[in-house]
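Here is what each chain is made of, one letter per residue.
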Amino acid sequence: MAENPLYIQFPAEPALVAQPHHETFHLPFMPRSAHARHLIAVWLGAIGSFGLLASVLYPLVNRYIVAPAVAVHPAQIVQSLPAMPKTSRLAMRRRFDGARFAQVAEQVSTGETQIFTYHRLTLVFKEDGEDRSGIVNADYEGEGQQDGALVATPVFADFRSGVYPQPDAFVSQRRSRFPVRGVPLNVSVANAGVVPTREFKRVVSMPKNRQELADILETAGVSDKNREELERALATDAVAPGNSLELLMEKNSENGRPKLIMAKLNGEKGNAKVVARDDSDSFVPVSDDRLFSTLYSESQPDAPSSSEVAAIDLNGLDDDDPTGLRNRLEKAGLSEVTANDLMKLADANGVPLNGSDDAPDSVDLLFRKSDGNNKTDLMFIEFHSGDEAHRFYLHRDTPDGASEFYDEDGHSVAKVLAHRPVPGGKLGDGFAWRIHPILGVKKFHNGVDFRAPMGSPILAAGDGIVEKISWETGYGKYVRIRHDGGYETTYAHIASTPDDLRVGERVKQGEVIAYVGSTGYSTGPHLYYELRVNGRYENPLTADLPAGTNLTGKSLDSLKSQVNHVDSIMSYLDASSEPQLDAAPEPQPEPFTSFDHRPKGHFGRP
């Protein structure tokens, strides 16, 4: 048979052997038996179904038994865990409550009542490691960083976030209280607008003498109707010494005058009477006096908007830069005159205000500004050095007299004995041995000479009483003044004295007491200026002696009243800044040893 060319016979292929499925694909942790795998799948499904059923039925079956509320005295509640250390606690938000300044209604010497804003300031020269949580960073708003931070050390840098936390932190805290996502329910939509805010101010009166309530309210701007209602509500028409009256008023009222919201009358024994305005526009008693401070605190901004600061860090202040301290004081709110008064007072008492080792640890200041003319007065100064302190109070002895600084015992400390009682006089023979120009013998010159034209005025070197206006052979005509510090100054060779100057009359430093002449043993017009301390001659050019007045009698009582008034304001600021728990009174610091009134007049200097 002929072969067909289209038929091709291929070689036979070997038969493929079929293999079971479990031999081709197998998980190493599963059994090879199909029956066993089926059982495992059934068990897993059963366990999952049981868990799902249990999660649904458990809340329905398990019922919690709520115990009834039982009244328990707060003293029986004991914390199970001890309180965390103070340094480890989270910073709490504290609103600015005016703790570093206060508006005080005071009666001035003319009898008029004015409102003064008292500010408290601390100058820190040395770090002592104390907890100063009440101190505020001077550069809170950040405008003072260009010329160096006023409060730059790490210790003071933490005060800013502790006392006045940053606003960003407040926003995040508020947002964390609410869900970020969700569907709002029962929410009405309104056009965005400005929410009106209520701004309050607080005025306090702590009179030294009995003060009429009507005068205080009139000065604060309260209407006549509110004055009568408040007098009836407080059952008094005056504020006695030792008591204080606090007024909380709303600034933005309808008629443009402040609206009296609350009033608090604090008694001398600690009892307080608080009245508040109700919905019927009448004053009613309030049992919880904390509402007064809470309402005022919540109305204030998160941080002080004024430029006033609480502390200035002067650690490491350059000794060769006398304007550095003055510039920082003026930035903190003191006027140029007030800053100069502070520096003069410190210099007069031997207290260096610089970065030297002899500088005090800190200086506390209390100054006030008049709301009428914005005049600044430095009212109180306290120097701290270790456990020692010394306090100075500004006081006016007479209504027409000048204000001076006194210590608590009534010693004037702002004036130092003048070294040159003749303005523009030229120094002649000094406190040394010389050949007497008239007698021609070697003799010790117990004073100093100042050459000046005939008739030039001679000024009292310090406060004191005119002891003598007399004539002696060597002195010629002279005036002798006994000063309160126990020393005497003599002004000799004078031509005359003012017509109204009498023996026993009290004179002030800088007052004209005589005129230059050439009487006695004199070779020409000049002044012979002599100083005796406890009967011993001293060099008037180098002696540093207090030249102010030491108060006695009624003048000292008036100073004590001023001291109590200033201390009350300081205590008021401390209480507003940080409420303190009842504790044992702290011991009063000892006075500076350098401020002791030594017999030889080395006041405030070694």
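Residues numbered from 1 in each chain as written. Predicted model: local features only at pLDDT ≥ 70, side-chain atom pairs only at ≥ 80, totals over all residues. Heavy atoms only, no water.

Colleague: Would you take a moment to explain the overall build of the protein chain for this structure?
Modeller: Across its full length, the protein chain holds ten helices and 27 strands. Every one of the 606 residues in the protein chain was classed for burial, and the buried ones make up 37%. With the model as given, the accessible surface of the protein chain reaches about 36,600 Å², and the carbon-plus-sulfur share is 54%. (Helix = DSSP H or I, 4+ residues; strand = E, 2+ residues; numbered from the N terminus. Buried < 20%, exposed > 50% of the residue type's maximum accessible area, 1.4 Å probe, protein only. Areas by Shrake-Rupley, 256 points an atom, 1.4 Å probe, with all protein chains shown as cover.)

Colleague: Which parts of the structure should I look at to understand the environment of S456?
Modeller: Here S456 shows up in the loop between strand 18 (447-451) and strand 19 (457-459). Relative accessible area serves as the criterion here: at 15%, S456 is assigned to the buried category. Residues S456 and G425 lie 31 residues apart in sequence; the distance between their C-alpha atoms is 8.9 Å. Setting aside residues up to four positions removed in sequence, S456 forms contacts with A514, Y515 and V516. Within the local environment of S456, its side chain forms a polar contact with the backbone oxygen of P453, the two atoms lying 2.7 Å apart. (Contact = heavy atoms within 4.5 Å. Polar contact = N/O pair within 3.5 Å; in protein donor to acceptor, adjacent residues only side chain to side chain.)

Colleague: When you look at the pairing of strand 3 (residues 200-205) in this model, what are you seeing that I'm missing?
Modeller: Remark: a regular strand shows side chains that alternate across the two faces of the sheet. Judged by how many residues are buried, strand 3 sits mostly within the fold: six of six residues are covered. With burial as the criterion, each face of strand 3 is covered, one bearing F200, R202 and V204 and the other bearing K201, V203 and S205.

Colleague: What's the story with the pairing of strand 18 in this structure? I'm lost.
Modeller: The buried fraction of strand 18 is high, at four of five residues. Sheet analysis places strand 15 (residues 426-427) next to strand 18, joined by two bridges and oriented antiparallel. When the bridges of strand 18 are listed, K426 appears paired with R451. Pairing geometry for strand 18 and strand 26 (residues 526-533), over five bridges, is antiparallel. Within strand 26, the residue paired with V448 across the bridge is Y529. (Pairing = 2+ DSSP bridges.)

Colleague: It is not clear to me how the pattern of salt bridges should be interpreted in this structure. Could you clarify?
Modeller: Pairing of side chains with opposite charge becomes possible as their charged atoms draw close. Tallying each qualifying case throughout the model produces 19 salt bridges. Across the salt bridge formed by R391 and E382, the nearest N and O atoms sit 3.2 Å from each other. (Salt bridge = Lys/Arg side-chain N within 4 Å of Asp/Glu carboxyl O.)

Colleague: I keep staring at the packing of helix 5 (residues 213-220) against helix 6 (residues 224-234) and nothing clicks. Help me out?
Modeller: Closest axis-to-axis distance for the helix 5/helix 6 pair is 10 Å, and the angle between their directions is 140°. Comparing the axis directions of helix 5 and helix 6 gives the class oblique. When you trace helix 5 past helix 6, the crossing you get is right-handed. Residues L213, A214, L217 and E218 of helix 5 pack against R227, L230 and E231 of helix 6. Each residue belonging to the contact of helix 5 with helix 6 can be placed in one class, and the counts come to four nonpolar, no polar and three charged. (Axes fitted to C-alpha atoms, helices over the stretch in contact; angles between N-to-C directions. Parallel < 35°, antiparallel > 145°, perpendicular 65-115°, else oblique. Left-handed = near helix turned anticlockwise from the far one by under 90°. Nonpolar A, V, L, I, M, F, W, Y, C, P; charged D, E, K, R; others polar.)

Colleague: Looking at this model, I keep getting lost on the environment of G524. Mind explaining?
Modeller: Among the structural elements, G524 can be located in the loop between strand 25 (512-516) and strand 26. Linking G524 and P453, residues 71 residues apart in sequence, is a C-alpha distance of 9.4 Å. With residues up to four places along the chain from it excluded, the contact list for G524 reads G517 and S518.

Colleague: I tried to follow the packing of aromatic side chains on my own but got confused; where do I start?
Modeller: Remark: the centre distance and the inter-plane angle together describe each pair of aromatic rings, the angle taken between the planes. All told, the structure shown has seven aromatic pairs when counted by the stated rule. When the ring of F383 is compared with that of F392, the centres are 5.8 Å apart and the planes differ by 70°; the resulting orientation is edge-to-face. Among the residues examined, F383 registers a relative accessible area of 0% and is labelled buried. Residue classification places F392 among the buried residues on the basis of a relative accessible area of 0%. Centroid distance F431 to F444: 5.1 Å. Interplanar angle 90°. Geometry classified as edge-to-face. Highlighted residues: F431 in the loop between strand 15 and strand 16 (433-435) and F444 in strand 17 (residues 442-444), separated in sequence by 13 residues. On the basis of relative accessible area, F431 is assigned to the partly exposed category, the value being 23%. With a relative accessible area of 28%, F444 lands in the partly exposed category. When the ring centre of F116 is taken as origin, the NZ or CZ atom of R368, which lies over that ring, is 4.0 Å away. Geometry around W433 places K442 over its ring, the cationic atom sitting 5.8 Å from the centre. (Phe/Tyr/Trp six-rings, centres within 6.5 Å; stacked < 30°, edge-to-face > 60°. Lys NZ or Arg CZ within 6 Å of the ring centre and 35° of its normal.)

Colleague: I'm lost on the sheet that holds strand 23 (residues 494-496) in this one. Help?
Modeller: Strands pair in a sheet through their backbones, by hydrogen bonds, and they do so in one of two ways: parallel or antiparallel. Read from one edge of the open sheet, three strands run 19-25-23, paired in antiparallel fashion. With one partner strand each, in any of the chains shown, strand 19 and strand 23 form the two edges of the open sheet. With direction set aside, neighbouring strand axes in the sheet form an average angle of 55°. Looking at chain direction, strand 23 and strand 25 are connected through two bridges and run antiparallel.

Colleague: Even after reading the chapter, I still don't get the side chain of H526, so can you show me in this structure?
Modeller: Examined against the element boundaries, H526 turns out to sit in strand 26. In this structure H526 comes out as buried when scored by relative accessible area, which is 9%. One polar contact links the side chain of H526 to the main-chain carbonyl oxygen of G524, over a distance of 2.8 Å. Once residues within four sequence positions are removed from consideration, H526 is found in contact with D449, F450, R451, A452, A492, H493, V516 and G517.

Colleague: Help me out: how do you make sense of the environment of H419 in this one?
Modeller: Within the secondary structure, H419 is located in the loop between strand 14 (403-406) and strand 15. Residue classification places H419 among the partly exposed residues on the basis of a relative accessible area of 27%. Separated by 29 residues in the primary sequence, H419 and V448 place their C-alpha atoms 9.9 Å from one another. In contact with H419, other than residues within four places in its own chain, are F450, Y529, P540, L541, T542, A543 and D544. Within the structure, H419 has its side chain in polar contact with the backbone oxygen of L541 (distance 3.2 Å). Among the polar contacts made by the side chain of H419, one reaches the main-chain carbonyl oxygen of A543 at a distance of 3.0 Å.

Colleague: What is the right way to look at a nonpolar patch on the surface in this model?
Modeller: Taken together, the side chains of L52, L53, V56, L57, L60 and V61 present a nonpolar region at the surface, about 610 Å² in accessible area. Topologically, V56 is positioned in helix 2 (residues 34-61). Taking relative accessible area as the criterion, V56 reaches 48% and is therefore assigned partly exposed. (Patch = residues over 30% accessible without salt bridge, like charges linked within 9 Å, V, L, I, M, F, W, Y side chains within 5 Å.)

Colleague: Explanation requested: helix 9 (residues 336-348) in the structure shown.
Modeller: Along an α-helix, residues three or four positions apart point the same way, because every turn accommodates 3.6 residues. Taking 1.5 Å per residue, 13 residues should reach 18 Å; helix 9 reaches 18 Å between its end C-alpha atoms and fits that length. Those residues of helix 9 that fall on the buried side of the exposure criterion are T338, A339, L342, L345, A346 and A348. With its phi angle positive at about 70°, G350 sits one or two positions after the end of helix 9. (Expected span 1.5 Å × (residues − 1).)

Colleague: It is not clear to me how the nonpolar core should be interpreted in this structure. Could you clarify?
Modeller: What tends to happen in soluble globular proteins is that the nonpolar side chains get buried as a cluster. Among the nonpolar cores identified, the biggest contains 46 residues, and L121, L123, L353, L365 and I381 are the most heavily contacted of them. Among the elements that make up this core, the one with the highest residue count is helix 10 (residues 553-577) (seven residues). Ignoring anything within four residues of it in the chain, the contact list for L365 reads H119, R120, L121, L123, L334, L342, L378, F380 and I381. Counting residues in each nonpolar core, the second largest holds 26 residues, with I481, I513, V516 and A547 among its members. (Core = buried A, V, L, I, M, F, W, Y, C linked by side-chain atoms within 4.5 Å.)

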